[in-house]
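A structural walkthrough
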Amino acid sequence: MSTNINELAAQVGRALQEKGLLLVTAESCTGGGVGQAITEIAGSTGWFDCGFITYSNASKTELLEVPAAMIAQFGSVSEEVAAAMAQGALGNSNGHIAVSTTGIAGPTGAVPGKPVGTVCFGWANDDTVHTERLVFSGDRHAVREQTVIHALQGLLRFLN
């Protein structure tokens, strides 16, 4: 794991600890990469509740209560689904703040309007949900790494 990711995860941990908040993750394209980055940090048990890896659409619906109709309407890679994933993670955990990732890491999976590298993010607490859609370049590993970094950077912005 790169030092950049480790430092970002440590910063997220300090910010969560200062505010007395627990983090929960809801990941698709990153396959648990955000949770791994968080749990690399000693003491993360004090500010990390759990993570959901919901790779399939069915698991998004079953575990995070993302409406199947929403996935059918917008696609699993959409800001709407990213928001619902984050909210579902909060509703099914003891977390106070959530981050979600859903995207197309490649090399296949592109659809019209959503090229390989398209990733949607959600950051949520009980009051607010913020989403973003970005398109990263590079191979599957590069897209996933950039996604983890952006998810952590977004947490820092969301916490401040």
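Residues numbered from 1 in each chain as written. Predicted model: local features only at pLDDT ≥ 70, side-chain atom pairs only at ≥ 80, totals over all residues. Heavy atoms only, no water.

**Describing the pattern of salt bridges**
Pairing between side chains of opposite charge can happen when the charged atoms of each approach one another. Within the structure shown, the criterion is met by 2 salt bridges. Across the pair Arg14 and Glu7 runs a salt bridge, and its minimum N-O distance is 3.0 Å. Note on Arg14: relative accessible area 41%, which makes it partly exposed. Look at Glu7 and you get partly exposed, because its relative accessible area is 37%. The partner of Glu132 in a salt bridge is Arg157, and the shortest N-O contact between them spans 3.8 Å. Here Arg157 lies in helix 6 (residues 140–159) and Glu132 lies in strand 5 (residues 129–135), a separation of 25 residues in the sequence. (Salt bridge = Lys/Arg side-chain N within 4 Å of Asp/Glu carboxyl O. Buried < 20%, exposed > 50% of the residue type's maximum accessible area, 1.4 Å probe, protein only. Helix = DSSP H or I, 4+ residues; strand = E, 2+ residues; numbered from the N terminus.)

**Examining the packing of aromatic side chains**
A complete count under the given rule lists 2 aromatic pairs for this structure. Measuring from ring centre to ring centre gives 5.5 Å for Phe121 and Trp123, while their planes differ by 5 degrees; the resulting arrangement is stacked. According to the relative accessible area criterion, Phe121 is buried, its value standing at 0%. Summarising the aromatic geometry, the rings of Phe121 and Phe136 are spaced 6.3 Å apart at their centres and angled 90 degrees between planes, so their arrangement reads as edge-to-face. Of this pair, Phe121 sits in strand 4 (residues 118–124) while Phe136 sits in the loop between strand 5 and helix 6, and the two are 15 residues apart along the sequence. Using a relative accessible area of 12% as the deciding quantity, one classes Phe136 as buried. Taken together, the aromatic side chains of Phe121, Trp123 and Phe136 make up a single cluster linked through ring pairs. (Phe/Tyr/Trp six-rings, centres within 6.5 Å; stacked < 30°, edge-to-face > 60°.)

**Some remarks on the side chain of Thr30**
Checked against the element boundaries, Thr30 lands in the loop between strand 1 (23–27) and helix 2 (33–39). One polar contact links Thr30 to Glu27, side chain to side chain, over a distance of 2.6 Å. Dropping the residues within four chain positions of it, Thr30 is found in contact with Thr101, Arg144, Thr147 and Val148. (Polar contact = N/O pair within 3.5 Å; in protein donor to acceptor, adjacent residues only side chain to side chain. Contact = heavy atoms within 4.5 Å.)

**Some points on unusual backbone geometry**
Between Gly106 and the following residue, Pro107, the backbone shows a cis peptide bond with an omega angle of 5 degrees. Positive phi, close to 60 degrees, is recorded for Glu65, a residue that is not glycine. Mapped onto the secondary structure, Glu65 falls in the loop between helix 3 (57–64) and helix 4 (68–74).

**Details of the nonpolar core**
Counting residues in hydrophobic clusters, the biggest one holds 31 residues, and the most contacted among them are Leu23, Ile38, Leu152 and Leu155. A per-element tally of this core places helix 6 first, with 9 residues. Contacts of Leu23, omitting those with residues within four sequence positions, involve Leu16, Ile38, Trp47, Phe48, Asp49, Cys50, Ile97, Ala98, Val99 and Leu155. By size, the runner-up hydrophobic cluster in this structure holds 14 residues, among which are Ala26, Ile71, Ala98 and Ala124. (Core = buried A, V, L, I, M, F, W, Y, C linked by side-chain atoms within 4.5 Å.)

**Re the sheet that holds strand 2 (residues 48–53)**
One open sheet accounts for 5 strands, arranged 2-1-3-4-5; its pairing is mixed. The open sheet terminates on both sides in strands that have one partner only, identified here as strand 2 and strand 5. This sheet shows a mean twist of 10 degrees between the axes of neighbouring strands, independent of strand direction. Set on the sheet, helix 5 (residues 79–91) makes contact with strand 1, strand 2, strand 3 (97–103), strand 4 and strand 5; between it and strand 3 the angle comes to about 145 degrees. (Pairing = 2+ DSSP bridges. Axes fitted to C-alpha atoms, helices over the stretch in contact; angles between N-to-C directions.)

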